[in-house]
Protein chains: 2
Amino acid sequence: MYRIGEFSKISRIPVSALRYYGDCGLLPPQAIDPQTGYRYYSAAQLPRLNRILALKDLGLSLEEIGSLLDGELPAAELRGMLRLKSAEISHAVTEQQQMLSRVEARLRLIESEGTMPEQEVVLKELDPIHVLSIREVVDAPTKIGDLIGDGFAALMPAGVMPTAPCFALYHDPEFKPDEVDVEIAFPVGDEVTVAPNTPGGRAFQARTVPGGKAAVTVHHGGYDTIDEAYGRIGSWIADNGLKFAGPPQEAYLTQPDDPAGPVTEIRFPVE
Amino acid sequence: MYRIGEFSKISRIPVSALRYYGDCGLLPPQAIDPQTGYRYYSAAQLPRLNRILALKDLGLSLEEIGSLLDGELPAAELRGMLRLKSAEISHAVTEQQQMLSRVEARLRLIESEGTMPEQEVVLKELDPIHVLSIREVVDAPTKIGDLIGDGFAALMPAGVMPTAPCFALYHDPEFKPDEVDVEIAFPVGDEVTVAPNTPGGRAFQARTVPGGKAAVTVHHGGYDTIDEAYGRIGSWIADNGLKFAGPPQEAYLTQPDDPAGPVTEIRFPVE
DNA sequence: GCTTGACTCTCAAGTAGCTCGAGACCCCAT
DNA sequence: ATGGGGTCTCGAGCTACTTGAGAGTCAAGC
């Protein structure tokens, strides 16, 4: 029978960890002196301790280990657990590798630029969103503002309030400045399916814009400099080895009269 | 100005996380109503939030992000930080991969054996340890017990108490049952350098057994079945792609009169 | 028998990055 | 005035321990 310090020395596990394993029932001491509370361990407990360590080494949590050890090892269950773990770990590995490649991309970027960019591109998960939208081919990007105005003008009096900032979807496979196929979407509750025509006589369509992963960045400033944001997001997508997966979106996050200037969010569905 | 729920919707960050970022100074709300405590955010804060997310995505902690953002980005420091992170992540990746291969080795083992072994092999870090030792070539493994007895008989009267269980080192490059080159080591304090000869007339030598990683398992039971443990540890080392790195050790963890039977720990320095 | 120093005990708090819940307050529409 | 949904603060919970405070224990030397 060893005292905890000696047992710690021969097992090479810190005293505090041994106490912890004891307290949570994983490795109770062989005996506890009822007078002094001293824990006493025996060498015969090393196999159990080693099994705990080995399972921990496989990435199992102490709780999982406990149920395995006390459940007398139903081999099938252990197999299932390990298969799960294996999937989990290989998922973690690919995630880490992606993180590594992101870090390295960022390092290259810093070495070439000498500094960090003002705006970042991040990957986000978009929820599917139900909208009322109008789609039209316009001959100049500035007409988009008019479309939005018309849309609001039709919806507000009808008592339909957008539930999130409105946004545009660009359906052109490539950009043509004098023939833009654009859809203006107003997020609304799921139950809203009809709306009056716009002042320009256009009809709303109710549909659900699909969700999924998207590369997202924001542009802070006038519309004439928005190309920066598009350039940034494009090279980020390339750097991270992703692919376009749907029409890009442009969300208008500020009121037209915001003193801090307009803020636009650009979202490219990817992968 | 958005309330926290709206800002959460457009940033797709949970309210609780926004509050947390605000509380720890990373992203304080643009304004807080002093009457109600309501937090108000503006779209102009999205760039900062995105930067936080991007840096978090690179694996930086919130504290590191804070110091980078508030320290106005000394590019050199950021570079250093990222290089550190990069090394850290690739280290984590190789560790995870090793864990994965251990899990898969274990899975294979279960599929072939149908159950889990009673004893485990684990990798531990050995500390260098100062010992008094006697080395001799004996013609039968059973003579090792006599050597240990002689060693104790010499040390105890001289007031030298071992500080840890004594162990044997096997110096043979290969095993020969009738000619075993064995060293019996008694761990002692650093300051102990001399001891009387043993009853058999053998001289102690003071030396430090080097530390390092070792594959460790314990054998519970008589010496005649210790081959199981050697077999186990040998195949474990092979399965995990390690190499022997020094003479194996056998530590005797129990007193000869322990009612639960003897317990022996076997350690193979590796890599 | 007393002191000293090493060891051990219990209990509480800290770690990172949030999430969740309780109980109270606020805002807006009817 | 009321009701429902949003928001507030504060505290606990998550993992696997580590660290520290304050008190009790053990063995050896005087």
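Structure shown above.
Residues numbered from 1 in each chain as written. Chains lettered and ligands numbered in written order. Predicted model: local features only at pLDDT ≥ 70, side-chain atom pairs only at ≥ 80, totals over all residues. Heavy atoms only, no water.

*Asks:* Got a minute to help me understand the protein's contact with DNA strand C in this structure?
*Replies:* Taken together, 19 residues form the shell around DNA strand C, and within it G5, R19 and R39 of chain A together with S16 and Y21 of chain B come nearest. Those atoms of DNA strand C that come within 4 Å of the protein belong to sugar or phosphate at a rate of 84%. In the model, a phosphate oxygen of DNA strand C is placed 2.6 Å from a nitrogen or oxygen of the G5 of chain A main chain. Sorting the residues of the surface near DNA strand C by element identifies α1 (4–11) of chain A together with α2 (15–23) of chain B as the ones contributing at least two each. When residues in the surface near DNA strand C are grouped by element, the largest group, four residues, is from α2 of chain B. (Near = heavy atom within 4 Å. Polar contact = N/O pair within 3.5 Å; in protein donor to acceptor, adjacent residues only side chain to side chain. Helix = DSSP H or I, 4+ residues; strand = E, 2+ residues; numbered from the N terminus.)

*Asks:* Sorry, what's going on with the interface of chain A and chain B here?
*Replies:* Interfaces are often sized by the amount of accessible area the parts lose when they come together. Contact residues are listed per partner, giving 62 residues for chain A and 62 residues for chain B. Buried surface at the junction of chain A and chain B, summed over both partners, amounts to about 5,700 Å²; 65% is from carbon and sulfur atoms. Our count for the chain A to chain B interface comes out at eight salt bridges. Close ionic contact of D57 of chain A with R102 of chain B constitutes a salt bridge, the shortest N to O distance being 3.0 Å. (Contact = heavy atoms within 4.5 Å. Buried area = accessible area lost by both parts, 1.4 Å probe. Salt bridge = Lys/Arg side-chain N within 4 Å of Asp/Glu carboxyl O.)

*Asks:* Before we go on, may I ask you to explain the protein's contact with DNA strand D in this structure?
*Replies:* Taken together, 19 residues are adjacent to DNA strand D, and S16 of chain A together with G5, R19, Y38 and R39 of chain B come closest. Within 4 Å of the protein, the contacting atoms of DNA strand D are drawn from sugar and phosphate to the extent of 76%. Here a phosphate oxygen of DNA strand D and a backbone polar atom of G5 of chain B are 2.8 Å apart. A distance of 2.4 Å is found between a phosphate oxygen of DNA strand D and a side-chain nitrogen or oxygen belonging to R19 of chain B. Elements with a minimum of two residues in the surface near DNA strand D: α2 (15–23) of chain A together with α1 (4–11) of chain B. In terms of residue count, the dominant contributor to the surface near DNA strand D is α2 of chain A (four residues). Among the residues forming the surface near DNA strand D, the class breakdown is eight nonpolar, six polar and five charged. (Nonpolar A, V, L, I, M, F, W, Y, C, P; charged D, E, K, R; others polar.)

*Asks:* Would you explain the side chain of R232 of chain B in this entry?
*Replies:* Residues and elements named next belong to chain B. Structurally, the position occupied by R232 is in helix α7 (residues 226–239). Look at R232: it is buried, it has no salt bridge, and the nearest opposite charge is E228 at 4.7 Å. Ignoring any residue separated from it by four or fewer positions in sequence, one finds R232 in contact with Q119, V121, T217 and V218. (Buried < 20%, exposed > 50% of the residue type's maximum accessible area, 1.4 Å probe, protein only. Lys, Arg positive; Asp, Glu negative; His and termini not counted.)

*Asks:* Hey, could you run me through the sheet that holds strand β3 (residues 39–41) of chain B in this one?
*Replies:* Within a sheet, neighbouring strands are paired by backbone hydrogen bonds and run either parallel or antiparallel to one another. All names here are of chain B. Taken in spatial order, the three strands of this open sheet run β1-β3-β2, and their pairing is antiparallel. Strand pairing shows two members of the sheet lacking a second neighbour, β1 (2–3) and β2 (31–32), which therefore form its edges. In the sheet, β2 pairs with β3 via two bridges, with the strands oriented antiparallel. Each residue of the ladder has a partner; that of A31, found in β3, is Y40. (Pairing = 2+ DSSP bridges.)

*Asks:* Hey, could you run me through the sheet that holds strand β10 (residues 249–252) of chain B in this one?
*Replies:* Residues and elements named next belong to chain B. Taken in spatial order, the eight strands of this open sheet run β4-β9-β11-β10-β6-β7-β5-β8, and their pairing is antiparallel. Where the open sheet ends on each side, the last strands, each with one partner, are β4 (122–126) and β8 (205–209). When the angles between neighbouring strand axes are averaged without regard to direction, this sheet yields 35°. For strand β6 (residues 167–170) and β10, the ladder comprises three bridges, and the chain directions are antiparallel. Paired with L169 across the two strands is Q249, which belongs to β10. Docked against the sheet, helix α6 (residues 143–155) engages β5 (129–138), β6, β7 (180–187) and β10, running at close to 30° with respect to β7. (Axes fitted to C-alpha atoms, helices over the stretch in contact; angles between N-to-C directions.)

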